[in-house]
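Take a look at the letters that make up each chain.
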Amino acid sequence: MLEPELGSSAGQRLGAPETMAISTLDPGHKPPVMPPGRHVTVRVRMLDDTEELFDISQRASGKVLFDLVCTHLNLVEGDYFGLEFQDHRKMTVWLDHLKPIAKQIRRPKHTVLRFVVKFFPPDHAQLLEELTRYLFALQIKYDLACGRLTCNDSSAALLVSHIIQSEIGDFEETQCRQHLLNNSYIPDQMALIDKIMEFHHKHMGHTPAESDFQLLEVARRLEMYGIRLHPAKDREGTKLSLGVAHTGVLVFQGHTKINAFNWSKVRKLSFKRKRFLIKLRPDLNQSAYQDTLEFLMGSRDCCKVFWKICVEYHAFFRLFEEPKPKPKPVLFSRGSSFRFSGRTQKQVIDYVKDTEFKKIPFERKHSRAQYNSNLSPLPSLRSEVPKEQSASYTARERSHSPSKHHWKEPALVSAEDSPAHRTRASPSAQANGREERPRDGGRAAAAVAAAGGRHQAAEQLSTEPGSSSPRLPGAARGMVNGHRPAKGGGGHSPDGRPPSPLTSPLLNDAAARTDDEDEARRKRFPTDKAYFIAKELLTTERTYLKDLEVITVSFQSMLEKEEATPDSLKNVILSNFDPLYKFHTGFLREVEQRLALWEGRSNAHIKGDYQRIGDVMLKNIQGLKPMACHLQQQAEMLRELEKACRASRRLEGLCRDLELQKACYVPLNVFLLRPLHRLLHYKQILERLCKHYPSAHPDYKDCRAALEDVSEMVSQLHGSMIKTENYQKLLELKKDLIGTDSLATAGREFIRLGCLSKLSGKGLQQRMFFLFNDVLLYTSRGMTATNQFKVHGQLSLHGMTIRESEEEWGVPHAFTLVGQRQSVVVAASSLSEMEKWMEDIKMAVDKAEMSNGLTSVPLASSLNDHKDPSPVSDSDSSVSGSSRYQGPVPLSLICWYRLHSLSFSDTCRSLENQLSGNLLRKFKNSNGWQKLWVVFTNFSLFFYKTHQDDYPLASLPLLGYSVTIPSDSENIHKDYVFKLHFKSHVYYFRSESEYSFERWMEVIRSATVSGGRGAASGRKDAQAH
């Protein structure tokens, strides 16, 4: 028996002095006094497989023992961990912190408690201490070895390579092979030794701390990360498993997640005998829904064990503070008195950030690598950040999990989710100035080199130390993309919760500027409106050239390597895009030089011949006119590509893989049409310049001549432009739908898509409707993980009539579609949505009546609206269960979750409203502003650190958002600030001038305000451009 105070403790074994012991109690508190009574010896097995003995009173609560363990380990973030053991029923249970140990452990001498990770956060960067990350890495190692953490071979090999890099250091072939032969990390390891060694070779120079960081980066992306399966059955007797994560309750079949119930949708969790019950919140948009889901488990005890861990997970990740105990009943008790005991994740993070801890070195039991490790948090938001950075630093690639990614909708995803594709620097990057870059695109090093000289003088910004809002830390604060990160907090929703990856760009590593620096910069540059119009030309041209590189670099290289690619497709892509890319590279260079002169960054301003842009525009528009033949072939390119993909499944798969790359932030076909869109932007810019200049201005003549030339080109191309855009939209919708055989048919026109509730025998059910000029499709979310919609039925528009039916059915905003074969009653989410749908359907019916050629071509191969999928089989896992990136988010999916609709006229209008430039985003709970490069296109904002970055770090789809100016009560007190608002999510952005402020407001309104009445005329306007 070993007394905690006298024996060789785990803390001493890790090299920590006794006087430095830190418990998980509040600052300044000592461990609780041991209550009187007979003492027993309790054995606790640590994550490194060592055992410790603790002498403790039988009357002591579980928390006393847990605090002793954390004190011995000098563990500050102990709240993520717990003690588990097998009770007398041979069930693995967690030690209850509130109950006496004697009531939980019947035979202490014969019971071994395991100290393990209990709560797995979505982002390992939320773990601020190196020791905590080390213990998490040991847990991952254990889960891999026992088969609990399942993954594919590539991920398993990558995980093991990080583990052995931490244990034996840099790669040496003989030593690595011998180590793998002597140690088993995963089942069937022998077959993967070569792959493990290949990955290990790439980790040269990684410290153990950095290896832990990378190990957790890979592990957190796996579907089974932190999941403990509890066997269950559904009502039909199908064998399933239940699990719980930070997002909510998960349903698995085998090791495949088939459903997820987010905390925001769950009203109550309970159990009754063997039945585990999930009660869902009512859906206001559906009158009939299954409010209670029932699962049958092995026994009442199994139900109770799972119910308890669900209660604890919900409290730890969702609450701001520990729930208060219920008052004791006077007469008799009803139900369980169990509650979560301990600090929530928010309290843990705030406590660690607000408390200074002395750095305590510790040793790793299994590590033979010669590195110094410190028991210290990552640099807090208050930490000093070095003002200078060594000119020579190592740009290191980082390995990614090979698994694909899925989109998340904020209405369904817990607000605690972190962006899966956020760029991270490893912990070692803060000390030695090295950065880790994803290997997406070959221009990464160039972007770092180009940006490296501008960031070093940037001042760092601190958040308010007294803030009580949860401020989750970002990645380690190293050099990322050539910029030093700000010390400010991340973006949070106004309710204090960190937002989801979709609705909040958590870009805490981006550069931030002080207001003084911003004001000085503003005074230094010209204030003429013409300058800001010319600057818009520059910023959008930079984005346009990056978009062209997706085709000229990534897409062309893919086509050249694929033997199945027809020569006709290769030739049409090469002959059209290479000349355009070369031309616009020179054009951008001229615009950059002219803006540099305009800003006075050379001696040319003495001559007074620099404050103009019309001559540059005229010269290049005239140079672009001979290339009009290339622009007229955009539709041909789309058809050649579609034809080639139909002929070759391999080529179709390669195109799909290209869209999964982060640089491909919008659908591939949109990149192919960018040259046509760019003409519209040139025309808009020249129209603004001509409107601004008086006729006597020296730049007016050139601008007017350039406008006439580009207007002539647009006039010649506008007919094919609309047809091509419609064809591209049909191809895009074809990918979104399951069960359509021939959507992209000649003569078919897309009109509107959006969410409506369809009235059936089961009540109102949410359906996605797609309106064309000959047919109306209604669909629902399918069972696939690809975010596609399954077609349930189609209505021919020939002979269709439409009438309002709100009074007839007693359903708000309801109307009836009466077809030749069937009638459908639907309800919109609002009066404006109903008016848009009714007007567009009437217009489509008139078109169908006048059309003599195209009839209603059958689209769906199998329609079965009579059968609704069960709550378990209708998988929401692709949205609410995974944080993986899946490429461009389909607009139809955004409309589905935000109960929005989108018309073709809206799409055409968005082609003209594209914008790029720097914006300042306000930090939550701070007066600081974060500088970001922002691109608006395809109804979304895409956020970058600089314009040289190859891919966005986050995106914000704007459908459903509103844009306004902050009120005085919001205490912004800055010029040119606009506010984006959707439900509980609020973001403030600040532009540099009145002109740019008006432009951002204009383009964002074009995405947030869908076309209402007059959709038909809006479509005609869009066609006329």
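Procedures and definitions
Residues numbered from 1 in each chain as written. Predicted model: local features only at pLDDT ≥ 70, side-chain atom pairs only at ≥ 80, totals over all residues. Heavy atoms only, no water. Helix = DSSP H or I, 4+ residues; strand = E, 2+ residues; numbered from the N terminus. Buried < 20%, exposed > 50% of the residue type's maximum accessible area, 1.4 Å probe, protein only. Contact = heavy atoms within 4.5 Å. Areas by Shrake-Rupley, 256 points an atom, 1.4 Å probe, with all protein chains shown as cover. Core = buried A, V, L, I, M, F, W, Y, C linked by side-chain atoms within 4.5 Å. Salt bridge = Lys/Arg side-chain N within 4 Å of Asp/Glu carboxyl O. Pairing = 2+ DSSP bridges. Axes fitted to C-alpha atoms, helices over the stretch in contact; angles between N-to-C directions. Expected span 1.5 Å × (residues − 1). Bend = angle between axes of the 7 residues up to and from the residue. Phe/Tyr/Trp six-rings, centres within 6.5 Å; stacked < 30°, edge-to-face > 60°. Parallel < 35°, antiparallel > 145°, perpendicular 65-115°, else oblique. Left-handed = near helix turned anticlockwise from the far one by under 90°. pLDDT = per-residue confidence, 0-100. Nonpolar A, V, L, I, M, F, W, Y, C, P; charged D, E, K, R; others polar.

The next thing to look at is the overall build of the chain. Regarding its fold elements, the chain presents 29 helices and 33 strands. Considering the chain as a whole, with its 1025 residues, one finds that 60% of them fall into the buried category. A separation of at least 24 residues holds for 70% of the contacts in the chain among residues at least 6 apart in sequence. Surface exposure of the chain reaches about 41,600 Å², of which carbon and sulfur atoms provide 50%.

As a further point, take the nonpolar core. Core analysis: the largest hydrophobic core is formed by 108 residues, its most contacted members being Leu65, Phe81, Phe115, Phe276 and Ile278. Beyond its immediate sequence surroundings of up to four residues, Leu65 is in contact with Val42, Phe54, Ile56, Leu83, Leu95, Ile101 and Leu113. Counting residues in hydrophobic clusters, the runner-up holds 77 residues, among them Ala530, Val591, Val670 and Leu673.

Below, the discussion takes up the pattern of salt bridges. Pairs may arise between side chains of opposite charge once their charged atoms sit close together. Within the structure shown, the criterion is met by 44 salt bridges. We note a salt bridge from Arg89 to Asp87, for which the minimum N-O separation is 2.4 Å. When its relative accessible area of 9% is taken as the criterion, Asp87 is described as buried. The residue Arg612 makes a salt bridge to Asp699 at a minimum N-O spacing of 3.7 Å. Linking Arg612 in the loop between helix H15 (567–598) and helix H16 (614–624) with Asp699 in the loop between helix H21 (674–692) and helix H22 (700–736), this pair joins segments that are 87 residues apart in sequence. Given a relative accessible area of 0%, Asp699 falls into the buried group.

Quick look at the environment of Glu835 now. Among the secondary structure elements, Glu835 is positioned in helix H24 (residues 831–850). Residue class for Glu835 comes out partly exposed when judged on its relative accessible area of 25%. Counting along the chain gives 22 residues from Glu835 to His813, while the straight-line C-alpha distance between them is 8.9 Å.

Before going further, it helps to spend a moment on the sheet that holds strand S11 (residues 275–280). Pairing is antiparallel across the open sheet formed by seven strands, whose spatial order is S9-S8-S7-S6-S12-S11-S10. This sheet does not close on itself; its edge strands, each paired only once, are strand S9 (256–262) and strand S10 (266–272). Averaged over neighbouring strand pairs, the angle between their axes works out to 35° when direction is ignored. Across the face of the sheet, helix H9 (residues 300–318) comes into contact with strand S6 (230–233), strand S7 (239–244), strand S8 (248–253), S10, S11 and strand S12 (292–297) while running at roughly 155° to S10.

This part covers helix H14 (residues 529–561). In this model, H14 (33 residues) spans 48 Å end to end at C-alpha, consistent with the 48 Å of a helix rising 1.5 Å per residue. Where H14 bends most, the angle comes to about 30°, and this point is Phe555. In terms of burial, H14 is largely enclosed, as 25 of its 33 residues are buried.

This brings us to the packing of aromatic side chains. If you walk through the whole model with that rule in mind, you get 31 aromatic pairs. Ring centres of Phe978 and Phe989 lie 5.8 Å apart, and the angle between their planes is 25°; this geometry places the pair in the stacked category. With Phe978 in strand S32 (residues 977–982) and Phe989 in strand S33 (residues 985–990), this residue pair connects regions lying eleven residues apart in the sequence. Comparing Phe978 with Phe989, the two get one shared label, buried. Through a chain of ring-to-ring contacts, the aromatic side chains of Phe66, Tyr80, Phe81, Phe115, Phe119, Phe120, Phe136, Tyr225, Tyr313, Phe316 and Phe317 assemble into a single cluster.

On to the side chain of His681. Along the chain, His681 turns up in helix H21. The exposure class of His681 is buried, given its relative accessible area of 8%. Residues in contact with His681, not counting those within four places in the same chain, are Leu911, Glu912 and Gln914.

Here we come to helix H10 (residues 345–354). Since one α-helical turn is 3.6 residues long, residues separated by three or four positions face the same way. Most of H10 is tucked away, with eight of its ten residues classed as buried. Within H10, the full set of buried residues consists of Gln345, Lys346, Val348, Ile349, Asp350, Tyr351, Val352 and Lys353. Looking at the buried residues of H10, the elements they touch are H9.

What follows is about the environment of Val44. Topologically, Val44 is positioned in strand S1 (residues 39–45). The exposure class assigned to Val44 is buried, which follows from its relative accessible area of 0%. Ignoring any residue separated from it by four or fewer positions in sequence, one finds Val44 in contact with Thr50, Glu51, Glu52, Phe54, Val69, Leu83, Leu113 and Phe115.

What follows covers the side chain of His584. Structurally, His584 can be placed in helix H15. Of the residues examined, His584 reaches a relative accessible area of 2% and is grouped as buried. Setting aside chain neighbours within four positions, we find His584 in contact with Glu541, Tyr544, Leu545, Leu548, Leu624 and Tyr682.

Burial of strand S19 (residues 750–760) is extensive: nine of the eleven residues sit out of reach of the surface. In terms of strand pairing, S19 meets strand S20 (residues 763–772) through ten bridges, oriented antiparallel. Of the residues in S20, the one forming a bridge with Ser760 is Gly763. As judged from the two bridges shared by S19 and strand S25 (residues 823–827), these two strands associate in the antiparallel manner. If you follow Ser757 over to S25, its bridge partner there is Ala827.

In this section: unusual backbone geometry. Although it is not a glycine, Asp188 adopts a positive phi angle of roughly 55°. Position of Asp188 relative to the elements: it lies in the loop between helix H6 (173–182) and helix H7 (193–201). Owing to a relative accessible area of 67%, Asp188 belongs among the exposed residues under this scheme. Phi at Asn971 is positive, roughly 55°, even though this residue is not glycine.

Counted residue by residue, S33 has six buried out of six residues, so it is predominantly covered. Neither face of S33 is left uncovered, since the one carrying His985, Tyr987 and Phe989 and the one carrying Val986, Tyr988 and Arg990 both have all their residues buried. Sheet topology places strand S27 (residues 915–922) next to S33; two bridges connect them, and they run antiparallel. Among the inter-strand pairings, Leu920 is bridged to a residue of S33, identified as Arg990. Two elements, S32 and S33, share six bridges in a ladder whose sense is antiparallel. Within the sheet, the bridge partner assigned to His981 lies in S33 and is Val986. Hairpin connection of S32 to S33: two residues between the antiparallel strands, including Lys983 at a positive phi of 55°.

To continue, consider the packing of H16 against H21. Geometry of a packed helix pair, given as the angle between the helix axes and the separation of the axes. The interhelical angle for the contact between H16 and H21, taken along N-to-C directions, is 150°, at an axis separation of 13 Å. Looking at the two axes, H16 sits roughly antiparallel to H21. For the pair H16 and H21, the crossing hand works out as left-handed. Contact with H16, carried on its side by Met617, Ile621 and Leu624, involves Leu679, Tyr682 and Leu686 of H21 and no other residues of that element.

An order of S2-S1-S5-S3-S4 is seen for the five strands of this open sheet, with the pairing classed as mixed. Across the chains shown, the open sheet's two edge strands, defined by having one partner strand only, are strand S2 (51–57) and strand S4 (92–94). When strand polarity is set aside, the average angle formed by the axes of neighbouring strands in this sheet is 35°. One ladder, built from three bridges, connects S1 with strand S5 (residues 112–117); its direction is parallel. Its bridge partner lying in S5, Arg43 is registered against Val112. The strands touched by helix H4 (residues 130–146) within the sheet are strand S3 (81–86) and S5, with S5 carrying the most contacts at an inclination of about 110°.

For the rest of this paragraph, the subject is the confidence of the model for the chain. Overall, the predicted model of the chain reaches an average pLDDT of 75, with 72% of residues at or above 70. No element of the chain has a lower mean pLDDT than helix H25 (residues 877–881), which averages 33, and none a higher one than S5, which averages 94. Below a pLDDT of 50 lies the segment residues 861–885, which in the model reaches 96 contacts outside its immediate sequence neighbourhood of four places, other chains included. Note that pLDDT drops below 50 for residues 1012–1025; the model gives that stretch 30 contacts with residues more than four away or on any other chain.

On to the packing of helix H5 (residues 153–168) against H6, then. Axis separation between H5 and H6 bottoms out at 11 Å; the angle between their running directions is 110°. Considering the angle they form, H5 stands roughly perpendicular to H6. For the pair formed by H5 and H6, the contact residues are Val160, Ile164, Glu167 and Ile168 on the first element and Gln175, Cys176, His179 and Leu180 on the second. A breakdown of the residues in the contact of H5 with H6 according to their chemical character gives five nonpolar, two polar and one charged.

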